[in-house]
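Remarks on the overall topology
Each chain is listed here by its residues.
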Amino acid sequence: MRAIQNSSPLLRPTLGALLLALLSTLVLAPAAVAQEAPEAAPQETFEEQVNVTEVVLDALVTDRKGNVILGLQPDDFVVEEDGEPVQLDSVSFYSNRLVEPDDEGAAEAGVSVDDQPSDRYFILFFHDQRINSGSAFRIVERQLNAGRQSQDWVREEMLPGDWVAVVSYDVKLKLHQDFTQDRKALLSAIDRAVKGSDGANWPSRQDGDEGPALAGNMPSGKELRKATGNIYKGLRVLAEATEPIQGRKNLLLFTLGFGELDSFGNYIPDTRYYPPMMHALNDANVAVYTIDLSPPNVRHSLEDAMSHLAADTGGEYMFTHSNFIKPLRRVSEATNGYYLLSYRSRHPEGKEGYQKVKVSLKNPKWKVSARSGYSFGDDSEG
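Our subject in this report is the structure included herewith.

Rules used in this analysis
Residues numbered from 1 in each chain as written. Predicted model: local features only at pLDDT ≥ 70, side-chain atom pairs only at ≥ 80, totals over all residues. Heavy atoms only, no water. Salt bridge = Lys/Arg side-chain N within 4 Å of Asp/Glu carboxyl O. Helix = DSSP H or I, 4+ residues; strand = E, 2+ residues; numbered from the N terminus. Buried < 20%, exposed > 50% of the residue type's maximum accessible area, 1.4 Å probe, protein only. Phe/Tyr/Trp six-rings, centres within 6.5 Å; stacked < 30°, edge-to-face > 60°. Axes fitted to C-alpha atoms, helices over the stretch in contact; angles between N-to-C directions. Parallel < 35°, antiparallel > 145°, perpendicular 65-115°, else oblique. Left-handed = near helix turned anticlockwise from the far one by under 90°. Contact = heavy atoms within 4.5 Å. Nonpolar A, V, L, I, M, F, W, Y, C, P; charged D, E, K, R; others polar. Pairing = 2+ DSSP bridges.

In the structure shown here, the tally under the stated rule is 13 salt bridges. Across the salt bridge formed by D89 and R344, the nearest N and O atoms sit 3.2 Å from each other. Of this pair, D89 sits in the loop between β3 (84-85) and β4 (90-95) while R344 sits in strand β13 (residues 337-348), and the two are 255 residues apart along the sequence. Overlapping salt bridges, with partners in common, bring together D170, K174 and D198 in one network.

Given below as structure tokens:
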């Protein structure tokens, strides 16, 4: 059986060809299998959908004497959301001053002689608490004094670019005078407000009328009473009425304070009404300056309530004053100029809520007042 040893020269080429074919098949087989296998489905990727909110915060920056600080840049501010710093896109300075050519401080702040002075907005709000006050006579006296000295401020210190409105609250919100620059109308409105007269029920302004307005953005008559059944709702309705007005609105709230007290007499924010009120004030850029109607050096349980509201809205709590012209003048001087801080914030798409914000300065010698947050979501704007 020697023939099966495949020693014949005639068989060698054939065997070599067979071996080569077999080797080629083994080498090419994986490639063929790969070509014939169906394509693998692409790996699914997950991307978080976010909405970008353009946030604009107004910030007052003063020294310890209340003088406005000029010339600040983005690097001078620290803005944080949930403890994390955000990158400011821009910082702009707005002033009610007419800039003179030789005003070096204004030039440093980026304000030129060609810039028009910005209008200011003040709301004089008299919280009539005579019904609930145990010392009614003294409170009446203080309230009347607040009214008279507010009239003095209107006569002597109100500037040409100032718009002032007058409201009051007892068991409902009352609009005594919409925003105006008419001093005579304001003096009359303040007199009605401190004496507890009914509001004017001003009709909505017509197209073409000049100046900012509240009346067209709030209910009137019985609807206004229904919508403002407590002071929280009154402030919320008022804040929402100011939203179309661009810029910072300064609300000077003459009050003894309001809120809930615990069993130890300590103030606790009312969780039913305080958050929506505060959010509305912040969303409308309304800074509340709480001016205590209590007699000088008299301490009371609702001081914390007044301080809390002022701090949350970028205003200030003012107390221990014998003459109300002092806090009025202080607010006027502090609001001669303010900064608008702009940045972009991201929140998950479809989510709505309230974002807390902290604004501070790198220079500890200066004081900054700014609102404490903003609402976000499909129907909200920073």
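Even without being glycine, D82 reaches a positive phi, approximately 55 degrees. Residue position: D82 is located in the loop between β2 (77-81) and β3. Here N285, not a glycine, exhibits a phi torsion of approximately 60 degrees, which is positive. Here N285 is to be found in the loop between α7 (274-283) and β11 (286-292). Overall, the relative accessible area of 19% leaves N285 in the buried class.

Another aspect to go through is the packing of aromatic side chains. For the structure on display, the rule yields ten aromatic pairs. Taken together, the ring pairs connect F77, F93 and Y339 into an aromatic cluster.

Here we take up the packing of helix α6 (residues 231-242) against α7. Contact geometry for α6 and α7: axes closest at 8 Å, N-to-C directions at 20 degrees. Between α6 and α7, the angle is such that the two are roughly parallel. The crossing of α6 and α7 is left-handed. Residue-level inspection shows Y232, L235, R236, A239 and E240 of α6 in contact with α7, the latter providing Y274, P276, M277, A280 and L281. Looking at the contact of α6 with α7, its residues break down into eight nonpolar, no polar and two charged.

To continue, consider the sheet that holds β3. Read across the sheet, four strands follow the order β3-β2-β14-β16 without closing on themselves; strand pairing throughout is antiparallel. Sheet topology places β3 and β16 (373-376) at the edges, where each strand pairs with a single neighbour. Two strands pair when backbone bridges link them, and strand β14 (residues 353-361) and β16 are joined in this way by four bridges, in the antiparallel orientation. The residue bridging K356 from the neighbouring strand is G373, located in β16. Its contacts with the sheet place α7 against β14 and β16, and it is angled at close to 95 degrees to β16.

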